[in-house]
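Examining the three-dimensional arrangement
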Amino acid sequence: IGPVNMFLEVAKLHTDSPVEELDYVKSKLYAKLAWRVKYLDFEITLANVGRLEEIDGFGNSVMKKVREYLMTGSCDKITAFKQDSLRVAVKNLTEIWGVGKKKAHGLARDGITNIDQVRKSLDSGRIELSKNALLGVRYYDDLKEKMERSEVDAITAVVLKVCRSIPGLEDVVITNQGSYRRGDER
């Protein structure tokens, strides 16, 4: 399962911190590789890693990453992404609700790399943001705070009660999404 995790992590890094035009495509490719490895009928070890070369998509570059991961538990690509200041900044900035990847990239190129710098730049008039992004900045800390499942259940019950009190919505169904649906504790 190790190489699956590596491919999924690389895919997520391409998605969460895009700075190149092909990051989206690369993310999909690495996710596809993870899927292929996950459903193999054998466990990948250093002794049998060569069997992957028979599978579409497992060229020299990918094979080097798999071997490196099997030997060290990581790969240079993951380390490089995590140390790339532009990628780290884009990831930080897109965690602000309302700030998209394009805006985050522009801010990072201007030397703004985190929420504190965004706030200072807004206060000084150095940057302007959309109304949604301004709300994201204003409520950043609240939005980052994790909510207990019991709190989500209580909010859902209130919303459901209100919705069902509206004529025509008596049979409405509400489904919580995201980490709640996945079963995360917070």
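The present account deals with the structure reproduced in this document.

A word on the overall build of the chain
The helix and strand tally for the chain stands at 11 helices and 0 strands. Written out in order from the N terminus, the α and β elements of the chain read α-α-α-α-α-α-α-α-α-α-α. For 186 residues, the compact-globule estimate of 2.2 N^0.38 gives 16 Å, and the C-alpha radius of gyration of the chain, at 22 Å, exceeds that figure by more than 25%. When burial is assessed residue by residue, the chain has 32% of its 186 residues classed as buried. Long-range pairs, those at least 24 residues apart, make up 48% of the contacts in the chain with a sequence separation of at least 6. When the 31 positive and 28 negative side-chain charges of the chain are each reduced to one mean point, those points stand 3 Å apart.

A few points about the nonpolar core
Formed by 23 residues in total, the largest nonpolar core has its most connected members in Met6, Phe7, Val37, Ile44, Leu52, Phe58 and Val66. Of all the secondary structure elements, the ones that give two or more residues to this core are α1 (2–16), α2 (23–38), α3 (60–72) and α4 (76–83). What Leu52 contacts, discounting residues up to four positions off in sequence, is Leu40, Phe42, Ile44, Phe58, Met63 and Val66. With 18 residues, the next largest nonpolar core counts Ile96, Ala104, Leu107 and Ile127 among its residues.

Focus: the environment of Ala133
Its location among the elements puts Ala133 in helix α8 (residues 131–138). The spatial distance from the C-alpha of Ala133 to the C-alpha of Leu70 is 42 Å, given a sequence separation of 63 residues. Among all residues touching Ala133, those that are not within four sequence positions of it are Ile96, Trp97, Gly98 and Val99.

Re the packing of α1 against α3
Between α1 and α3, the shortest axis-to-axis distance is 10 Å and the interhelical angle comes to 120°. Regarding the angle of α1 to α3, the classification is oblique. Judged by the twist between their axes, the crossing of α1 over α3 is right-handed. The residues of α3 that touch α1, namely those facing Gly2, Pro3, Asn5, Met6 and Phe7, are Val62, Lys65, Val66, Tyr69 and Leu70. Grouping the amino acids of the contact of α1 with α3 by side-chain chemistry returns 7 nonpolar, 2 polar and 1 charged.

Reading guide: rules and limits
- Residues numbered from 1 in each chain as written.
- Predicted model: local features only at pLDDT ≥ 70, side-chain atom pairs only at ≥ 80, totals over all residues.
- Heavy atoms only, no water.
- Helix = DSSP H or I, 4+ residues; strand = E, 2+ residues; numbered from the N terminus.
- Rg over C-alpha atoms; globule rule 2.2 N^0.38 Å.
- Buried < 20%, exposed > 50% of the residue type's maximum accessible area, 1.4 Å probe, protein only.
- Contact = heavy atoms within 4.5 Å.
- Lys, Arg positive; Asp, Glu negative; His and termini not counted.
- Charge placed at Lys NZ, Arg CZ, Asp CG, Glu CD.
- Core = buried A, V, L, I, M, F, W, Y, C linked by side-chain atoms within 4.5 Å.
- Axes fitted to C-alpha atoms, helices over the stretch in contact; angles between N-to-C directions.
- Parallel < 35°, antiparallel > 145°, perpendicular 65-115°, else oblique.
- Left-handed = near helix turned anticlockwise from the far one by under 90°.
- Nonpolar A, V, L, I, M, F, W, Y, C, P; charged D, E, K, R; others polar.

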